[in-house]
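# Summary of structural features
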Amino acid sequence: MSDGNKGENIVLIGFMGCGKTSVTKELAKRLNLNYIDMDEKIEKAEGKTVSEIFKDHGEAYFRDLETTFLSKLENQKSKIISTGGGIILRDENIEMVKKIGIVVFLQADVAHILKNIKDDHKRPLLQDEEDIEKKITTMLELREPLYLRTANVIIQTSGKPIKNIVDEILEIL
Ligand code: S3P
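This write-up is about the structure you can find in this document. (Residues numbered from 1 in each chain as written. Predicted model: local features only at pLDDT ≥ 70, side-chain atom pairs only at ≥ 80, totals over all residues. Heavy atoms only, no water.)

### Some words on the pattern of salt bridges
Our working definition: Throughout this description, the term salt bridge denotes a Lys or Arg side-chain nitrogen within 4 Å of a carboxyl oxygen of Asp or Glu. Counting from the N terminus, the helices are the DSSP runs of H or I reaching at least four residues and the strands are the DSSP runs of E reaching at least two.
Under the defined criterion, the tally for this structure stands at twelve salt bridges. Where D91 meets R149, a salt bridge forms, and the shortest distance between an N and an O atom there is 3.2 Å. Residue D91 is located in helix α5 (residues 91–100), and its partner R149 is located in helix α7 (residues 132–150); the two are separated by 58 residues in the primary sequence. Several salt bridges converge on common partners, so that one network encompasses E26, R30, K163 and D167.

Written out as structure tokens, the structure is:
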């Protein structure tokens, strides 16, 4: 990382299962920085899992929590911040994310996403779907332009080990 990036946060965005959480932890380790996992923090603050929040209060309530949480991040420095996959669904979130730090979009294809989330029951938006591949494809089509609009840097993650993804990020930043 160049000196010019000192103190700047790195914000990771991308679809569910693209590798945000693993990349965040590895990046934080390599840069010796602390990380903030938004879903984790929201779960802690609410005393519920994301699935429980969706079930008990609905998606809009969760989205409000995300927006409120983001609004409190502006004074953070030198953090790696992992966002939930839906963070780009609100324009005001996109504006805040861009202000918080340099935004890295982890871009994954449907096959990679499917492989990472298929045995996972933590994602309420992909539960109870008969054709999960179709659901991911549709959601990705809608969200991809929003991730691209928000990103400063785009890194392909499909089929790559976490270490290589982190190497690539460090080369670019
Ligand atoms: C969501 C992604 C999840 C979590 C919630 C909604 C989404 O985070 O915030 O289930 O809308 O894409 P991950 O991207 O970390 O799975």
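### What to know about the sheet that holds strand β2 (residues 34–37)
Definition in use: Two strands pair if DSSP finds at least two bridges between them. Only C-alpha atoms enter the line fits that serve as axes; for helices the fit covers just the stretch in contact. Angles between N-to-C directions range over 0 to 180 degrees. Whether two residues are in contact is decided by their heavy atoms, any of which lying within 4.5 Å being enough.
Sheet architecture is open: five strands sit in the order β2-β3-β1-β4-β5, paired in parallel fashion. With partners counted over all chains shown, the strands left at the sheet margins are β2 and β5 (153–156), one partner each. When strand polarity is set aside, the average angle formed by the axes of neighbouring strands in this sheet is 25°. By the bridge criterion, three bridges tie strand β1 (residues 9–13) to strand β3 (residues 79–82) in an arrangement that is parallel. Following the sheet pairing, L12 is matched in β3 by S82. Each of β2 and β3 is contacted by helix α2 (residues 38–46), which is oriented at about 65° to β2, the strand it contacts most. Taken strand by strand, α7 contacts β1, β4 (101–107) and β5, and its axis lies near 145° from that of β4.

### Thoughts on the packing of helix α4 (residues 59–71) against α5
To keep things clear, this is the line we draw: Throughout this description, any angle smaller than 35 degrees is read as roughly parallel, any larger than 145 degrees as roughly antiparallel, any in the 65 to 115 degree range as roughly perpendicular, and the remainder as oblique. The handedness criterion is simple: a crossing whose near helix is rotated anticlockwise from the far helix by less than a right angle is left-handed, and one whose near helix is rotated clockwise is right-handed. Classes in brief: Ala, Val, Leu, Ile, Met, Phe, Trp, Tyr, Cys and Pro nonpolar; Asp, Glu, Lys and Arg charged; the others, Gly included, polar.
Contact geometry of α4 with α5 gives a least axis separation of 10 Å together with a crossing angle of 30°. The orientation of α4 relative to α5 falls into the category roughly parallel. Taken as a pair, α4 and α5 cross one another with a handedness that is left-handed. Residues T67, L70 and S71 of α4 form the contact with α5, whose participating residues are E92, N93, M96, V97 and I100. When grouped by side-chain class, the residues that make up the contact of α4 with α5 number four nonpolar, three polar and one charged.

### Here we look at the site of the ligand
The criterion, for reference: Residues are classed as near a molecule or strand on a simple rule: at least one heavy atom within 4 Å of it. Under the rule applied, a polar contact is a pair of N or O atoms within 3.5 Å (in protein, one hydrogen donor and one hydrogen acceptor; residues adjacent in sequence only if both atoms are side-chain atoms). A 1.4 Å probe and the Shrake-Rupley method give the accessible areas. Residues count as covered only by the protein chains that appear here.
Taken together, 13 residues sit near the ligand, with K20, D39, R63, R123 and R143 positioned nearest. In this structure, an oxygen atom belonging to the ligand sits 2.7 Å away from a side-chain N or O atom of K20. Between the ligand and D39, the relevant distance is 2.7 Å, taken from an oxygen atom to a side-chain nitrogen or oxygen of the residue. About the coverage of the ligand: the protein hides 95% of its 390 Å² of free accessible area.

### Re the environment of Y147
Position of Y147 among the secondary structure elements: in helix α7. Each C-alpha atom of the pair Y147 and V104 lies 9.3 Å from the other, and the pair is 43 residues apart in sequence. Those residues in contact with Y147 that lie beyond four places of it in its chain are I13, G14, F15, G85, I88 and F105.

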